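# Tertiary structure, described
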Amino acid sequence: MSSRAATPTPTALRWRPRSIEAFYRPLRRQLDHDSERCVQSQRGRPRPFLPRAVTRGGQIGVGESMRRFGYLAPKSVSEAVSVLAEHANVAKLVAGGTDLVVQMKDGVRRPQVVIDITGIDELRTLEERDDGLHLGALVRMGEIENHPLIIEKYPVLVDSAKLVGSKQVRNLATIAGNTCNASPGADTPPALIALDAQVHTLGPTGPRVVPIDQFFVGPGRTVLEPGELVTKFVVRKAAPNEGAYYERHTPRKELDIAVVGVGAWVRLNGETIEDARIGIAAVYPTPLRATDAEAALRGKPFGQAALDAAAAAAVAQSRPISDVRGSAEFRRWLVDVLTRRAVTNAVARARGGGPRAGETH
Amino acid sequence: MVHTTVGQPVGQVAGPLKVTGRATYTADIRLPNMAYGAVVRSTLPHARIVSIDTSRALAMPGVLAVITGKDIPPGRVGRRIRDLPILAVDVVRFVGERVAAVVAEDQATAEAAALAVEVEYEELPAALTMRDALAPGAPILHPDLASYDGLPGAPPQQSNVLSRRTYGYGDVDEGFRQADVIIQRRYTVPRQHQGYLEPHACLVSTAPDGTAEVWLTNKTPFQAQEQAAKALGIPKEWLKVHVTPIGGDFGGKGSVMDVPVAYHLSKACGRPVRMVMSYVEEFTAAASRHAAQITMKTGVKRDGTIVAHQVRALFDSGAYGAFKPSPTLELMGNTRLGGAYRMENVAVESLIVYTNTFPAGHMRAPGLPQAIFALESQLDALARTIEMDPVEFRRRNLIREGEATPAGEQWVQVRAIETLEAAARAAGWGTPLPENVGRGVAVSEHGAGAGASTVQAGLDERGFYLRTGAPDTGTGSHTIMQQVAAETLGVPHHAIRIETSHTLAFPFDFGVGGSRVTHVYGRAALAAAASLRDTILQRAAAAFDLPTDQLGWEGGQLRRPDGRLVDPFTVIGPVEVEETYDSAGAPNVTGFCAQVAEVRVDPETGKVEVLRIVSAHDTGQVINPIGHEGQIAGGVIQGLGYALMEELPVVDGYVATQSFAEYKIPAMGDIPELEIVLLPEPTGPGPFAAKSIGETPNVPTAAAIANAVEDAVGVRIVDLPITAEKVFRALQRKHEHGHHHH
């Protein structure tokens, strides 16, 4: 018995001290398995899904305890920026906590300081102004899915927000959190891409505005600089000849992550699709803006030919990988099917009909 | 018979404690000076341990002790066959096997120290699948199998076959010659985790003399006492095992898991040691349902007669058989590979196979969902091939009173056809459905479990009570006992309190399992309550100096000849009786279940949505309608998960789904409309003619859904779960096939 306790009977240590080789497979620590999948795909060498726990030092089943961390709760955006800048490399922002707390419990993220921004009321804006819909960073999924103005004029946001997690998760999860977590499989980014949302940020060097399709850099990574945080999203005011729709495929109806999700926005001029934007989840290292599919629709009459071209272009632009949740081939097929559905339903909404907000397939 | 408490929807005994968070589960217990354990687990599926370096772990502040397999007396664990080392010695046989263990002042330190233990392995060829394990020249996992304690029958030859069983009659070859249609298919079903909320936990407090007090998450505390004692090589009387509340069992909580390790850690540090498995450990190294490959070849005549049925079933035991309690190490589902159908010639062979994957165990109706998925899919395909309605095909072939099943079981009061017809009627079988919507039917049955158990009943200053050695695993078994006794004593159910006893103060108790609780504990509670009433009447009559028949019994009180009601405790003081019920001689009946699933299939993505399930049960007297309905609803949902999403795929020896984010069980939105149909006929062996319900409703669901998918879109999925991708691919093949012919 090898023991340092005072009480037990001493027993000879019987392990054999030899040189220890690294016995576990060389694995990089991953942010989450979705990110990992896409990183693999980017590297062009898909390999079997390896469980998260094994990456934790190559051992199984341990590491469930959270480490101690510092906690700060700034009361204004400027204060948040200064404390975030001060702790830039060791701090994480927390709002709803539905991603971060889970990652901390799993030991995937180990911030030394957690900065709680939920006390900053100026981040809770939710209103339509002259330039469009302003969604503060702290607007929660549950607020989006139940907001009469959003239900009426921006139903694609309801389609996507309503699919995040479970009801309990949606009562906590925020729009900025779902975006800044930068999971390629997140549901709201494709809808925000479809609506051409502008991300407003504030950092030590001042404010800036980043188009949503330029916001994501890789799995779990965004363009945010150290000390910079998202303050709000601004979506151009909805016009009557426009419509947008989001649909995803998942093994179960809730508490799930998209195998593929497609959001589409169109502006019609009569029968012609004057403009279109398409965002796709879970087929690329970042939420994907399917520019080729958009080009295939732009200026074309809505119909089978336009759908065929858009779906083919979306598939061509996707880089899905195979894993336990679905093969790359199936994902490409889903991109095809869901692109057609998203565009068709976006057109239907632009014409004043289509599925009610949140009533996706 | 009119009952006052039996049949009433009363709440669970422990309900208020559980919903207010006051129930004390094993992991909630804190002892003074308690230390925390963590396990170092194998990271290779098959390897020789070259060395284990514990020095870094031992040097960490707060670490009390580190043990390896060579630091403790050799000991193997098992419910029947003892083949699983407490800690691996020399060889590891699956990813997740216990290699070393650490005890520390707190959980985080224990986990950090576990990560600091360095193990050097020399990798060995691994048999990760049953195909690999059965191939010529396969690595033999257990060359010393014949020497293991608890191995049934003759020592097997050097192979990875842990057990083999055959049964049948007639001549299947002759049967196939007579058949008009023969279908042969291989069905594949995955491992399924029980999905309980409470992971395995234990707390072991050893004394210097080697005796110990044990709290653990276990549905069979007295068997756990024996298992742990045998593994540790100590007399079982040294272990005082407590009965604890169980946060969900579903068949998975019958093994001692970390108890022997915690015992050694407690000995090493001289303090009580608590160990709680993480969910990574649960999914990687607990006791999930066996994966299986079941090949069926079945021949029928045009009139639906089943002339021959040949089966070869392979069940994946994983690296050890330790979690199987049956004396023959087989799963009960082996005996249902021909179901309850009339078949003229039968030949069944089933094998339990060792592989270098985590050990499989028991889950709610062991082996049955596997067998019934294969059988009911096969029969449905046959019915469709001979263009006979699937309900009609089953009606013609289900056994009737006086007939035996293909495995030779014979019951009285067989109500298979009535149950099938009740389900079909409620489901609107035969009525038209929209495009891409289909219906499927499946049938199974499960009898009430048997054996003997003891219940004590008493009266003290606080009132009436029952005492049992069995935990309530969450099914409401204590409430059933309470209701049965209350009915007998003529008091409200809440007038009887339920106590549990640890293993040193109660006769051996078999514990929970095999759908025996309502039958055996219910009858024992009934007998104990009746005996208590009679004992009180006798003693009170003696105290009053009256003939016994001059005293009445009303609402738990004595009625004297002058009409006055008297509290019996004031007359005779405390009294306690003990009764043992043994099911030997009880009528052999089973409870049938027929389910009809209605599904919609998205023809573009292949996604299956279950719209409605009708579950009909030949159920006997319902003791508690809330618990009964909960068992059916929960079972159907578990069956739906098995059908559509649950699996524990093993990739390179690693379980790929290590959390509830990846291991998907149905969420609220996935749960369809459920209609329950009961055929309450007082035919059961249990108290007030009750039958069992726990292991029935989860069994036919997957087949009913698979059959509905074929009805909806014309494709047959033979491997669970029925994912969208599998349906999509099958639809693609069907279209290609169709174009080919046009």
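Residues numbered from 1 in each chain as written. Chains lettered and ligands numbered in written order. Predicted model: local features only at pLDDT ≥ 70, side-chain atom pairs only at ≥ 80, totals over all residues. Heavy atoms only, no water.

### Describing the overall build of chain B
A count of helical and extended segments in chain B gives 17 helices and 30 strands. For 742 residues, the compact-globule estimate of 2.2 N^0.38 gives 27 Å, and chain B sits close to it at 27 Å. Taken along the three principal axes of its C-alpha coordinates, chain B extends 95 × 75 × 50 Å. Each of the 742 residues in chain B was classed as buried or not, and the buried ones make up 64%. Counting contacts in chain B only where the partners sit at least 6 residues apart, residues at least 24 apart contribute 80% of the total. For chain B, the exposed surface amounts to about 25,100 Å²; the carbon and sulfur share of it is 51%. (Helix = DSSP H or I, 4+ residues; strand = E, 2+ residues; numbered from the N terminus. Rg over C-alpha atoms; globule rule 2.2 N^0.38 Å. Buried < 20%, exposed > 50% of the residue type's maximum accessible area, 1.4 Å probe, protein only. Contact = heavy atoms within 4.5 Å. Areas by Shrake-Rupley, 256 points an atom, 1.4 Å probe, with all protein chains shown as cover.)

### What to know about the sheet that holds strand 24 (residues 565–566) of chain B
Two strands in a sheet stick together by hydrogen bonds in their backbones, pointing the same way (parallel) or opposite ways (antiparallel). Residue and element names in this part refer to chain B. Taken together, the three strands give an open sheet; going across it, the order is 22-23-24, and neighbouring strands pair in antiparallel fashion. In the strand order of this sheet, the two ends are held by strand 22 (552–554) and strand 24, each with one partner. Bridge count for strand 22 against strand 23 (residues 557–559) is three bridges, and the pairing is antiparallel. Its bridge partner lying in strand 23, G552 is registered against R559. (Pairing = 2+ DSSP bridges.)

### Side note on the packing of helix 12 (residues 477–489) of chain B against helix 13 (residues 517–544) of chain B
Residue and element names in this part refer to chain B. Between helix 12 and helix 13, whose axes approach to 8 Å, the crossing angle comes to 35°. Crossing angle aside, the handedness with which helix 12 passes helix 13 is right-handed. For the pair helix 12 and helix 13, contact is made by S477, I480, M481, V484, A485, T488 and L489 and by V517, T518, Y521, G522, A525, L526, A529, A530, L532 and R533, respectively. The class makeup of the residues in the contact of helix 12 with helix 13 is 12 nonpolar, four polar and one charged. (Axes fitted to C-alpha atoms, helices over the stretch in contact; angles between N-to-C directions. Left-handed = near helix turned anticlockwise from the far one by under 90°. Nonpolar A, V, L, I, M, F, W, Y, C, P; charged D, E, K, R; others polar.)

### Looking at the domain arrangement of chain B
Reports of interface size often rely on the accessible area that becomes lost once the parts have come together. Residues and elements named next belong to chain B. Taken domain by domain, chain B comprises domain 1 (15–22 + 451–582) and domain 2 (31–124 + 197–248 + 253–285). The C-alpha-based centres of domain 1 and domain 2 are spaced at 38 Å. At the junction of the two partners, domain 1 supplies 20 residues and domain 2 supplies 18 residues. A buried area of about 1,400 Å², summed over both sides, lies between domain 1 and domain 2, and 66% of it is on carbon and sulfur atoms. Across the domain 1-domain 2 interface, the total number found is zero salt bridges. Applying the counting criterion to the domain 1 and domain 2 interface returns five residue pairs in polar contact (both at pLDDT 80 or more). (Domains from an automatic or database assignment. Buried area = accessible area lost by both parts, 1.4 Å probe. Salt bridge = Lys/Arg side-chain N within 4 Å of Asp/Glu carboxyl O. Polar contact = N/O pair within 3.5 Å; in protein donor to acceptor, adjacent residues only side chain to side chain.)

### Some remarks on the domain arrangement of chain A
Residue and element names in this part refer to chain A. In terms of domains, chain A is made up of domain 1 (70–116) and domain 2 (121–350). Buried surface at the junction of domain 1 and domain 2, summed over both partners, amounts to about 1,200 Å²; 69% is from carbon and sulfur atoms. Contact with domain 2 buries surface across domain 1, with V77, V81 and T98 losing the most and accounting together for 40% of the total. Remark: the boundary between domain 1 and domain 2 carries zero salt bridges. Across the domain 1-domain 2 interface, the total number found is three residue pairs in polar contact (both at pLDDT 80 or more). Sort the elements by how many residues they give to the side of domain 1 that touches domain 2 and helix 3 (residues 77–86) lands first, with five residues. When grouped by side-chain class, the residues that make up the side of domain 1 that touches domain 2 number eight nonpolar, four polar and two charged.

### Digging into the packing of aromatic side chains
As enumerated under the stated definition, the model contains 13 aromatic pairs over all chains in all. Relative to F216 of chain A, the ring of F215 of chain A has its centre 5.4 Å away and its plane inclined at 85°; by these criteria the two rings are edge-to-face. Both residues of the pair, F215 of chain A and F216 of chain A, belong to the buried class. Considering the side-chain rings of Y187 of chain B and F373 of chain B, the 6.0 Å spacing of their centres and the 90° angle between planes classify their relative orientation as edge-to-face. Residue Y187 of chain B is found in strand 10 (residues 181–189), and its partner F373 of chain B is found in helix 9 (residues 368–385); the two are separated by 186 residues along the sequence. Assigned by exposure class, Y187 of chain B and F373 of chain B land together as buried. A cation over an aromatic ring shows up here: K253 of chain B above the ring of Y196 of chain B, its NZ or CZ 4.0 Å from the ring centre. Over the ring of F176 of chain B we find K297 of chain B, and its NZ or CZ is 4.4 Å from the ring centre. (Phe/Tyr/Trp six-rings, centres within 6.5 Å; stacked < 30°, edge-to-face > 60°. Lys NZ or Arg CZ within 6 Å of the ring centre and 35° of its normal.)

### As for the pattern of salt bridges
Counted according to the given criterion, the structure contains 70 salt bridges over all chains. Across the salt bridge formed by R341 of chain A and E604 of chain B, the nearest N and O atoms sit 2.9 Å from each other. A residue pair is termed interchain when its members come from two chains, as with R341 of chain A in helix 13 (residues 328–350) and E604 of chain B in the loop between strand 26 (590–601) and strand 27 (608–617). Using a relative accessible area of 12% as the deciding quantity, one classes R341 of chain A as buried. According to the relative accessible area criterion, E604 of chain B is partly exposed, its value standing at 35%. E403 of chain B serves as the salt-bridge partner of R342 of chain B, at 2.6 Å between the closest nitrogen and oxygen. Placement of the pair is R342 of chain B in the loop between strand 16 (306–318) and strand 17 (346–354) and E403 of chain B in the loop between helix 10 (390–397) and helix 11 (416–427), with a sequence separation of 61 residues.

### Quick look at the side chain of D258 of chain B
Residues and elements named next belong to chain B. Topologically, D258 is positioned in the loop between strand 13 (239–242) and helix 7 (259–269). What makes D258 buried here is its relative accessible area of 4%. Looking at D258, its side chain comes within polar contact range of the side chain of R98, at 2.8 Å.

### Section: helix 3 (residues 107–116) of chain B
Residue and element names in this part refer to chain B. Counting buried positions along helix 3 yields seven of 10 residues, so the element is predominantly enclosed. For helix 3, the set of buried residues is Q107, T109, A110, E111, A113, A114 and A116. Residue D106 occupies the N-cap position of helix 3, its side-chain oxygen lying 3.1 Å from the main-chain nitrogen of A108.

### Considering the nonpolar core
Judged by nonpolar contacts, the single largest core of 117 residues is most densely connected at L337, F393, V599, V608, L644, I705 and I722 of chain B. Sequence-distant contacts of V599 of chain B, that is, excluding residues within four places in its chain, are made with N436, V437, G438, V608, E609, V610, L611, I705, A708, V709 and A712 of chain B. By size, the runner-up hydrophobic cluster in this structure holds 53 residues, among which are V83, V113, L123 and V139 of chain A. (Core = buried A, V, L, I, M, F, W, Y, C linked by side-chain atoms within 4.5 Å.)

### As for unusual backbone geometry
Peptide bonds are, in most cases, trans, and in most cases residues other than glycine have a negative phi. Note that the residue after L720 of chain B, namely P721 of chain B, is joined by a cis bond; omega there is -10°. The backbone of D196 of chain A shows a phi angle near 55°, a positive value even though the residue is not glycine. Positionally, D196 of chain A belongs in the loop between helix 10 (188–194) and strand 7 (198–203). Despite not being glycine, Q413 of chain B has its phi angle at roughly 55°, a positive value. Within the secondary structure layout, Q413 of chain B lies in the loop between helix 10 and helix 11. A relative accessible area of 34% means that Q413 of chain B is categorised as partly exposed.

### Observations regarding the sheet that holds strand 18 (residues 437–447) of chain B
Residue and element names in this part refer to chain B. The strand order 18-26-27-30 describes an open sheet built from four strands, whose pairing is mixed. Each having just a single partner strand, strand 18 and strand 30 (673–678) make up the two edges of the open sheet. Ignoring which end each strand starts from, the neighbouring axes of this sheet average 20° apart. Relative to strand 26, strand 18 is paired through 11 bridges, and the arrangement is antiparallel. When the bridges of strand 26 are listed, G438 appears paired with V599. Lying over the sheet, helix 16 (residues 701–713) contacts strand 18, strand 26 and strand 27, oriented at roughly 160° with respect to strand 18.

### Some remarks on the state of the cysteines
According to the stated counting rule, one finds zero disulfides over all chains in the structure shown. Summary of cysteine pairing: C269 of chain B is not part of a disulfide, and the nearest cysteine sulfur, belonging to C202 of chain B, is at 13 Å. (Disulfide = S-S within 2.5 Å.)

### Some remarks on the packing of helix 9 of chain B against helix 16 of chain B
Residues and elements named next belong to chain B. In the contact formed by helix 9 and helix 16, the axes pass within 8 Å of each other and the chain directions differ by 30°. Taken together, the axis directions place helix 9 and helix 16 in an arrangement best described as roughly parallel. As for how helix 9 packs across helix 16, the hand of that crossing is right-handed. Contacts from I372, F373, E376, S377, D380 and R384 in helix 9 reach A702, A703, A706, N707, E710 and D711 in helix 16. A per-class count over the contact of helix 9 with helix 16 returns five nonpolar, two polar and five charged. (Parallel < 35°, antiparallel > 145°, perpendicular 65-115°, else oblique.)

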